[in-house]
Amino acid sequence: MNPHDFTSGDYAPAPESSDHISLKKSYDLFIGGKWVKAASKFDTINPATGKVIAEVSSAGKKEVNQAVKAARKAYDGEWSSISGAERGKYLFRIARLLQERAREFAVIESMDGGKPIRESRDIDVPLAAAHFFYHAGWADKLEYAFPGKKPKPLGVVGQVIPWNFPLLMAAWKIAPALACGNTVVLKPAETTPLTALKLAELLEDAELPAGVVNIITGDGETGQALVEHSDIDKVAFTGSTAVGKSIRRTVAGTDKRYTLELGGKAANIIFEDAPINEAVEGIINGIFFNQGHVCCAGSRLFVQESIADKVIRKLKKRIGTLKVGDPLDKNTDIGAINSAEQLARIKALVNAGEKEGACIWQPEGRLPRKGNWFKPTLFTDCAQSHRIVQEEIFGPVLAIQTFRTPQEAIEKANNTPYGLSGGVWTDKGSKIFKMTTSLNAGVVWANTYNKFDPTSPFGGYKESGIGREGGLHGLSAYLNL
Amino acid sequence: MTIKKTYKLFIGGKFPRTESGRVIEVRGKDGALLANMSQASRKDFREAVVAARKASAGWAKATAYLRGQIIYRIAEILDGRGEQFVSELVSHGLRENKARKDLAQAIDLLVYYAGWSDKYQAVFSSVNPVASSHFNFSAPQPNGVVGIIAPGRGSLSELVSTLAPVIVGGNCAVVLSPQDATTAISFSEVLATSDVPAGVVNILTGERDELGLEFAKHMDVNALMLCSSDSDETRALELEAAENLKRVSVHPNKSLKEDPYLITDFQEVKTTWHPVGV
């Protein structure tokens, strides 16, 4: 057997059972505490098999308007009349329900989006629950967060989230919005609507007052109708920089508030005095976590010249052990690419990388025949001007460059319109602080990578976005100070 | 016979004339010529951004204590030259008591923000108790180069109320001052003698209609403080600012109140993670 045969591998399959999940064949829109029918529906597909999982509703302008009205009614009514402490209790309750149902949510997340069950089970779902739990406690303590201010909610918030962390992004958006006293209309991504709809069912179980959270599914047009709606007070968006800029234009000259969490092209910088084996694990986690569908992925690797050969050798060896395949298999490291469209985009950029002269390396082995897959990929001999160095690929593709001095690493790392995240690996403390303070990025991981926590603010510099989510700093996005 | 001063622009610590050769005639109430001020062009603005960017790394790295002392120094020098500003403000039509009040306000604002230089970081930072074995903290860092479209009525305190919170936070500024305010350029002379490093503050006098959009468009400007009560102007500038996602903070077209949140409007929050262990 080929040791890198992705379809069989060295381990016996260990699939997570999907017997315990309950999914309906068809979902309506969750508006004003009721399930509302829309004129048209579309399928949501398992990217690992190509099979239809369920059909969901497509919200048009009429339904968007209905959802905003429901959110306004809830804001003007019951939600504003209850105390912060009571709001907090709802959030605590949601956190607990989500913990109880964690396994079901994890399986559905992996089926709908293609991410390995190990990640949805250990990261996405527990972190989503933690976000509700964390923000619950803020609801009656907001005046302590902003010295000299008396914080007030904004009103109705329109939220549009991406397909890479569907449930987690819903939690990032809904939890702070509710803790701060707002009501919500949330639109999940077209290709990953299911966990948001399951969350709507969970909110019913939590007896959250009708209209406080409305969840409407659809494509980009639904999202656009929501952000353009005249009766929302704020837009919160996570997604591409191009759409983020267009949303920024939509709210120009209005009183609407906005937070944008957009693309990235993070530099992961490895110095010769770094703990190399840990760094190699960090590089792997930085770029292959969630198939590289991560805005803060460490997609540009900068290795100090003296250790470049060694690091690249070790990386290739480690990549050879990664298992690509069934997202529901507990041994899987890299799951399915989220959609055919995204797979095409990754392929186009990888082709551009080869055409522009970078040197491609992929491990041996076959990929499953059905579904959307892409091998973990390295590029060496990359130049700053290459598209694979400049553009966000959002896939398991790493562009490797070398540097000699810290100054050179800083200049190359900062030479991008993005500024979401970065990584630094060295054993020398003073060098860590030199690097972390010099990188123009909102989140910097030193001797670690891709760590997230509800207490820790997340968000970008420059064209990676505006505003923070999580932690004390994330609260101001949902308050009038 | 008095020796009249030529009012020029303030770019990179120097006082160049506008490259465009254009002037704004400023006349007092009695019609006498007060100054042929420079009417800054788009090229002057671009030069000012280059100067600001050049100064940016050094100013951001200066210690908070030093930045505080320099801003306090501006207040000292301004106070020492107070009579000059009173008479300039009076020549622009302000009553003397109003002029003195404006000057005192400007000085107080500088003292106020000088005192924030080494405090806002502590007040607006956090150590985050993450649920893993990491030390995690979030602290503000300056945006970089900030364009300021100052209030349009020409008082000194208006100008200082927009500039001081921006520079105390380690940003460099390019200011578009109202076209007929000689006080802005006289204030540059105060800055030039207050140990403010060259390029940290750049002041242009010019047409808002002509230069405002350039401030919003420039790809090497990180943030924009816009004092405008005109929603059409705000919309037009915000549309352009979207191209590089400038941070835009919009305020009414008048003097801004003392407020540490004006400092944080021009800060990015950076979060740093590091494992804890041996």
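Residues numbered from 1 in each chain as written. Chains lettered and ligands numbered in written order. Predicted model: local features only at pLDDT ≥ 70, side-chain atom pairs only at ≥ 80, totals over all residues.

## Comments concerning the overall build of chain A
Counting its secondary structure elements, chain A contains 16 helices and 19 strands. Computed over its C-alpha atoms, the radius of gyration of chain A comes to 22 Å, within 12% of the 23 Å expected for a compact globule of 481 residues. Counting only C-alpha atoms and orienting by the principal axes, one finds that chain A spans roughly 65 × 50 × 35 Å. Counting all 481 residues of chain A, 59% fall into the buried class. (Helix = DSSP H or I, 4+ residues; strand = E, 2+ residues; numbered from the N terminus. Rg over C-alpha atoms; globule rule 2.2 N^0.38 Å. Buried ≥ 20, exposed ≤ 12 C-beta atoms within 10 Å, placed from the backbone.)

## Concerning the overall build of chain B
Broken down by element type, chain B carries ten helices and ten strands. What you see for chain B is a C-alpha radius of gyration of 19 Å, in line with the 19 Å of a compact globule of 278 residues. Put simply, chain B has 278 residues, and 49% of those count as buried. Restricting to contacts in chain B with at least 6 residues of sequence separation, those with at least 24 account for 77%. (Contact = placed C-beta atoms within 7 Å.)

## Details of the interface of chain B and chain A
Between chain B and chain A, the contact holds 29 residues from the first and 32 residues from the second. Contributing elements (two or more residues each) for the side of chain B that touches chain A: strand 4 (134–142), helix 9 (231–241) and strand 10 (267–275) of chain B. Among the elements that make up the side of chain B that touches chain A, the one with the highest residue count is strand 10 of chain B (eight residues). In terms of residue class, the side of chain B that touches chain A is made up of eleven nonpolar, twelve polar and six charged. Both strand 17 (residues 443–446) of chain A and strand 10 of chain B contribute to a ladder of three bridges, which runs parallel. Residue pairing in the sheet places Val444 of chain A in a bridge with Thr272 of chain B of strand 10 of chain B. (Nonpolar A, V, L, I, M, F, W, Y, C, P; charged D, E, K, R; others polar. Pairing = 2+ DSSP bridges.)

## Topic: the domain arrangement of chain A
All names here are of chain A. Split by domain assignment, chain A resolves into domain 1 (29–262 + 462–480) and domain 2 (267–446). A separation of 30 Å is found between the C-alpha centroids of domain 1 and domain 2. Listed per partner, the contact involves 22 residues of domain 1 and 24 residues of domain 2. Secondary-structure elements contributing two or more residues to the side of domain 1 that touches domain 2 are helix 4 (102–113) and helix 5 (117–138). Within the side of domain 1 that touches domain 2, the residues separate by chemical class into seven nonpolar, nine polar and six charged. (Domains from an automatic or database assignment.)

## Let's talk about the nonpolar core
Of all hydrophobic cores here, the largest spans 232 residues; its most connected members are Leu110 and Ala173 of chain B. In terms of residues, this core owes the most to one element, helix 6 (residues 166–179) of chain A, which gives eleven residues. When residues of this core are assigned to domains, at least three fall in each of domain 1 (29–262 + 462–480) and domain 2 (267–446) of chain A. Leave out the neighbours within four places in its chain, and Ala173 of chain B touches Ala52, Val146, Ile148, Leu163, Val166, Ile167, Val201 and Asn202 of chain B. (Core = buried A, V, L, I, M, F, W, Y, C linked by C-beta atoms within 7 Å.)

## Examining the sheet that holds strand 12 (residues 300–304) of chain A
Pairing within the open sheet is mixed, and its ten strands lie in the order 13(A)-14(A)-15(A)-12(A)-11(A)-16(A)-17(A)-10(B)-4(B)-3(B). Two strands in the sheet have a free side with no partner beyond their single neighbour: strand 13 (359–361) of chain A together with strand 3 (126–127) of chain B.

## A few points about the sheet that holds strand 5 (residues 145–149) of chain B
The pairing of strands in a sheet happens through backbone hydrogen bonds and is either parallel or antiparallel. Residue and element names in this part refer to chain B. One open sheet holds the five strands; their spatial order is 7-6-5-8-9, and the pairing between them is parallel. Edge positions in the sheet fall to strand 7 (201–205) and strand 9 (247–251), since each of these pairs with one other strand and no more. Taking the axes of each pair of neighbouring strands and ignoring which way they run, one obtains an average angle of 15° across the sheet. Contacts from helix 1 (residues 42–61) reach strand 5, strand 6 (172–177) and strand 7, with the element oriented near 150° to strand 6. Against the sheet, helix 9 makes contact with strand 8 (223–227) and strand 9, and its axis sits at roughly 180° relative to strand 8, the strand it touches most. (Axes fitted to C-alpha atoms, helices over the stretch in contact; angles between N-to-C directions.)

## Let's talk about helix 1 (residues 61–76) of chain A
The end-to-end C-alpha distance of helix 1 of chain A, which contains 16 residues, comes to 22 Å, matching closely the 22 Å that a straight helix rising 1.5 Å per residue would cover. Those residues of helix 1 of chain A not exposed but buried are Glu63, Val64, Gln66, Ala67, Val68, Ala70, Ala71, Ala74 and Tyr75 of chain A. (Expected span 1.5 Å × (residues − 1).)

## Re the packing of helix 8 (residues 208–217) of chain B against helix 9 of chain B
Residues and elements named next belong to chain B. Relative orientation of the contacting elements helix 8 and helix 9 amounts to 35°, with a least axis distance of 7 Å. Crossing geometry of helix 8 relative to helix 9 is assigned as right-handed. Taking contact as the criterion, the partners of Gly212, Leu213, Ala216 and Lys217 in helix 8 are, on helix 9, Glu233, Ala236, Leu237, Glu240 and Ala241. Broken down by class, the residue content of the contact of helix 8 with helix 9 amounts to five nonpolar, one polar and three charged. (Left-handed = near helix turned anticlockwise from the far one by under 90°.)

## Here we look at helix 9 (residues 241–250) of chain A
Residue and element names in this part refer to chain A. Along helix 9, the positions that sit buried rather than exposed are Thr241, Val243, Gly244, Ile247 and Arg248. On an axial view of helix 9, the arc spanned by its buried residues comes to 160°, and they lie on one face. Turning to helix 9, the residues buried within the fold contact helix 8 (220–228), strand 9 (234–238), strand 10 (257–261) and strand 18 (465–466). (Arc of directions from axis to C-beta.)

## A closer look at the packing of helix 3 (residues 82–91) of chain B against helix 7 (residues 182–192) of chain B
All names here are of chain B. Two numbers describe how helix 3 lies on helix 7: the axes approach to 10 Å, and their chain directions differ by 165°. Between helix 3 and helix 7, the angle is such that the two are roughly antiparallel. Seen along the crossing, helix 3 lies across helix 7 with a hand that is right-handed. Contact residues: Gln84, Phe85, Glu88 and Leu89 in helix 3; Thr182, Thr183 and Ser186 in helix 7. Here the residues of the contact of helix 3 with helix 7 are counted per class, giving two nonpolar, four polar and one charged. (Parallel < 35°, antiparallel > 145°, perpendicular 65-115°, else oblique.)

## Focus: the pairing of strand 14 (residues 377–380) of chain A
Residues and elements named next belong to chain A. The pairing of strand 13 with strand 14 spans three bridges and is classified as antiparallel. Paired with Trp361 across the two strands is Leu378, which belongs to strand 14. With three bridges joining them, strand 14 and strand 15 (residues 397–403) adopt parallel strand pairing. By the bridge assignment, Phe379 is partnered in strand 15 with Ala399.

## Focus on the pairing of strand 9 of chain B
For a regular strand, side-chain orientation follows a simple rule: the groups alternate between the two sheet faces. Residues and elements named next belong to chain B. As paired elements, strand 8 and strand 9 share five bridges and run parallel to each other. From the neighbouring strand, Ala223 faces strand 9, where its bridge partner is Arg247. The parallel pair strand 8 and strand 9, bridged by helix 9, forms a crossover whose chirality is right-handed. (Right-handed = clockwise from strand over helix to strand, strands pointing away.)

## With respect to the environment of Val160 of chain A
Residue and element names in this part refer to chain A. With respect to the helices and strands, the residue Val160 is situated in strand 6 (residues 156–160). Taking the C-beta count within 10 Å as the criterion, Val160 has 24 such neighbours and is therefore assigned buried. In this structure, the C-alpha to C-alpha distance between Val160 and Gln224, residues 64 residues apart in sequence, is 9.1 Å. The residues contacting Val160, other than those within four sequence positions of it, are Lys187, Gly223, Leu226, Val227, Phe237 and Gly239.

## Points about the environment of Gly211 of chain A
Residues and elements named next belong to chain A. With respect to the secondary-structure elements, Gly211 resides in the loop between helix 7 (194–205) and strand 8 (213–215). Among the residues examined, Gly211 registers 26 C-beta atoms within 10 Å and is labelled buried. For the pair formed by Gly211 and Val68, sequence separation is 143 residues and the distance between their alpha carbons is 8.8 Å. Setting aside chain neighbours within four positions, we find Gly211 in contact with Gly32, Gly33, Ala70, Ala71, Lys73, Ala74 and Thr183.

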